[in-house]
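What follows is each chain in one-letter form.
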Amino acid sequence: MGERDVCQDPLRELAAYASCRDIALFVGRKMGHMHNFAGTRHALWRRLTAFIDQVAAEKRT
């Protein structure tokens, strides 16, 4: 989600994932709803890459 997103309350969005074992919220600085158009999109991409690496590591163990 972006800090200038159309979602009203990022923390309330987490309720939709109540059954998840591991959850994280990232509110991108200077981002709106179209994250890939933001000048700060690289921060989101780094977070996504780290998440993918974490999931892959969990699967290997």
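Look a little higher up for the structure.
Note that the structure is predicted; figures quoted are calculated from it, not measured. (Residues numbered from 1 in each chain as written. Predicted model: local features only at pLDDT ≥ 70, side-chain atom pairs only at ≥ 80, totals over all residues. Heavy atoms only, no water.)

Trainee: Just to check I follow, could you spell out the side chain of T40 for this structure?
Mentor: Mapped onto the elements of the fold, T40 is located in the loop between α1 (10-13) and α2 (41-60). Residues contacting T40, with those up to four places away along its chain left out, are R29, K30 and M31. (Helix = DSSP H or I, 4+ residues; strand = E, 2+ residues; numbered from the N terminus. Contact = heavy atoms within 4.5 Å.)

Trainee: Explain the layout of surface pockets to me, please; I cannot follow it from the model alone.
Mentor: Any empty space left between the atoms is revealed when a probe the size of a water molecule rolls over them. Looking at the largest pocket, its volume works out to about 560 Å³. Considering the residues around the largest pocket, the lining is formed by 16 residues, among which A24, L25, F26, R47 and L48 are closest to the centre. Among the elements that make up the lining of the largest pocket, the one with the highest residue count is α2 (five residues). Here the lining of the largest pocket is composed, by residue class, of 11 nonpolar, two polar and three charged. Reported here for the second largest pocket is a volume of approximately 200 Å³. Classifying every residue of the lining of the second largest pocket by side-chain character gives three nonpolar, one polar and three charged. (1 Å grid on protein atoms, 1.4 Å probe; cavity = no way out; pocket = protein on both sides within 12 Å on 5 of 7 lines; lining within 4 Å. Points joined across faces, edges and corners; volume = space filled by probe spheres on them. Nonpolar A, V, L, I, M, F, W, Y, C, P; charged D, E, K, R; others polar.)

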